[in-house]
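So the chains spell out like this:
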Amino acid sequence: MIEGLRLNIPQRLALLKSVLLLSLLASVFFSFSLWSGARDFPLAPLWEWAVAPLYLHWILFFLLVFFWFAALFSKFPRLFLFLSLLLSFLLVSLDLNRLQPWFYLYSAMLLVLLFYNGRVDNPNTYTSFFVVLQFVLASVYFFSGISMLNPDFVQSAYREIVFPLSRIMSERQFTFVVNTGKVVPFLFIFSGLALSVESIRFLAIAFMSLVHLLLIVLLFPFIGENSYALWVSNLSFICMLFLLFSGKIKQRYFSPLTLLQKPAFYPVLLLFLVFPFFNRSGLWPDYLSSNLKSGNNLSVHITLSESAYTGLPEPIKKFCRHENFNYTLDYKAWSESEFHAECFPHRLVFQQVNKYLLNQSGKGAEEISMVVLPRSKFLY
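Below, the structure is looked at part by part. (Residues numbered from 1 in each chain as written. Predicted model: local features only at pLDDT ≥ 70, side-chain atom pairs only at ≥ 80, totals over all residues. Heavy atoms only, no water.)

Take the nonpolar core next. Proteins that are soluble and globular tend to have nonpolar side chains buried together. The biggest cluster of nonpolar side chains holds 122 residues, and the ones touching the most others in it are Met 109, Met 240 and Leu 329. Of all the elements, helix H6 (residues 123–148) adds the most residues to this core, at 12 residues. In this structure Met 240 touches Leu 16, Val 19, Leu 20, Leu 105, Tyr 106, Met 109 and Leu 137, once residues within four positions along its chain are discounted. (Core = buried A, V, L, I, M, F, W, Y, C linked by side-chain atoms within 4.5 Å. Buried < 20%, exposed > 50% of the residue type's maximum accessible area, 1.4 Å probe, protein only. Helix = DSSP H or I, 4+ residues; strand = E, 2+ residues; numbered from the N terminus. Contact = heavy atoms within 4.5 Å.)

Quick look at the pairing of strand E2 (residues 320–323) now. Pairing of E2 with strand E3 (residues 326–329), which is carried by 4 bridges, proceeds in the antiparallel orientation. Each residue of the ladder has a partner; that of Cys 320, found in E3, is Leu 329. Linking E2 to E3, which pair antiparallel, is a turn of 2 residues; within it Asn 324 sits at a positive phi near 55°. (Pairing = 2+ DSSP bridges.)

A complete count under the given rule lists 3 salt bridges for this structure. For the salt bridge of Arg 39 with Asp 95, the shortest nitrogen-to-oxygen distance reads 2.9 Å. With Arg 39 in the loop between helix H2 (32–35) and helix H3 (54–73) and Asp 95 in the loop between helix H4 (77–94) and helix H5 (101–114), the pair connects residues that are 56 residues apart, well separated along the chain. Across the pair Lys 317 and Glu 314 runs a salt bridge whose closest N-O atoms are separated by 3.1 Å. Separated by 3 residues within a single helix, Lys 317 and Glu 314 lie in helix H14 (residues 314–317), roughly one turn from each other. Glu 314 sits in the exposed class, given a relative accessible area of 57%. (Salt bridge = Lys/Arg side-chain N within 4 Å of Asp/Glu carboxyl O.)

So, about the side chain of His 57. When you line up the elements, His 57 lands in helix H3. In terms of polar contacts, His 57 uses its side chain to reach the backbone carbonyl oxygen of Ala 52, at 3.5 Å. Once residues lying within four places of it in the same chain are set aside, the contact partners of His 57 are Trp 35, Ser 36, Leu 43, Ala 52, Leu 91, Leu 94 and Arg 98. (Polar contact = N/O pair within 3.5 Å; in protein donor to acceptor, adjacent residues only side chain to side chain.)

What follows concerns the packing of H5 against helix H12 (residues 265–274). Relative to each other, H5 and H12 sit at 155°, their axes nearing to 10 Å. Relative to H12, the element H5 lies roughly antiparallel. Viewed along their axes, H5 and H12 form a crossing whose handedness is left-handed. Packed against H5, whose contacting residues are Tyr 104, Leu 105, Ala 108 and Val 112, the element H12 presents Val 268, Leu 271 and Phe 272 at the interface. Taken together, the residues of the contact of H5 with H12 break down into 7 nonpolar, no polar and no charged. (Axes fitted to C-alpha atoms, helices over the stretch in contact; angles between N-to-C directions. Parallel < 35°, antiparallel > 145°, perpendicular 65-115°, else oblique. Left-handed = near helix turned anticlockwise from the far one by under 90°. Nonpolar A, V, L, I, M, F, W, Y, C, P; charged D, E, K, R; others polar.)

Within the secondary structure, Ser 233 is located in helix H11 (residues 228–245). Given a relative accessible area of 6%, Ser 233 falls into the buried group. In contact with Ser 233, other than residues within four places in its own chain, are Trp 102 and Tyr 106.

If you walk through the whole model with that rule in mind, you get 32 aromatic pairs. Ring centres 5.9 Å apart and planes at 85° place the aromatic pair Tyr 287 and Phe 344 in the edge-to-face group. Of this pair, Tyr 287 sits in the loop between H12 and strand E1 (300–304) while Phe 344 sits in the loop between helix H15 (331–339) and helix H16 (347–361); the two residues are 57 residues apart in sequence, bridging distant segments of the chain. According to the relative accessible area criterion, Phe 344 is buried, its value standing at 1%. Through successive ring pairs, a cluster of aromatic residues spans Phe 32, Trp 35, Trp 58, Phe 61, Phe 62, Trp 68, Trp 102, Phe 103 and Tyr 106. Seen from the ring of Tyr 309, Lys 317 lies directly overhead, with NZ or CZ sitting 5.4 Å from the centre. (Phe/Tyr/Trp six-rings, centres within 6.5 Å; stacked < 30°, edge-to-face > 60°. Lys NZ or Arg CZ within 6 Å of the ring centre and 35° of its normal.)

Written as structure tokens, this is what we have:
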């Protein structure tokens, strides 16, 4: 019989902190141009006045990396975690594209660990933080499944993910694989719920580990996927799954009422249970609702006239395709090519892209059209 990991909760929390920090370091390395350096894709500050010179982005980024390393090896990890979270918020406020799903999730979990003082003499204390982190990961799977329950998921997002298989399969076999996407949302929803039930938790761990292993193969960078950080995150999720849920986790002296006494519990409850329900209303961003790769994100269609296209810089033209006497800009491919990360689907980002195109082309609004695309019918 497989017993899973034989680690106590304090050991798991220490390893989890290391996994999160190493995942952040690896992910920002793969998306380096998103954080510092010259770029064509426009910055999308959270506030109009939050515009900083290029050298300040460099300084803040390297300070952030230093704080992450210091949190790994220093005797005062909580101090450096606190400073890194402050800098993370500042860098995101300077460009919303940095608020990638993996960056949001890792930072939220580090925020929970910031409140844990590392003491092992009170099981109620460390178990409370552990349960909060379990809740975070389980909610990600649950809301990912909910967001996939739309008519476009199978034929758009899921088909795109499994497309590398079309190179080694017949058309009939590939069609069968695409149709398996119909059960994926329910698999995610079940896993999110099953992780909360100790007797069937092993099923969720097995299912989701297999899903992440398949994604690691399908999204392997050399196959053609540009979002390298997304590829790395699948390795991180497997580690987090086992650290948070595998094996017998003794909570013998734990009282659930202790959760209500922990300040970290309330923001997590809002961010990972309440706010995702406001995704469809536009009051809460798509990617912060575990809405990644669901085919149901906010998106726009950008059309340029012939003269507007002519005025664009050459590096941007390669992301345009000729269509009905005009040109269509694939801003998602532009973001993935330049940042190795996906464009954050938010109206402020789209506004900055539109402004950039107007400035670069030297044309008026009548030459460049940006239309918000309708979303699929959704469960909530």
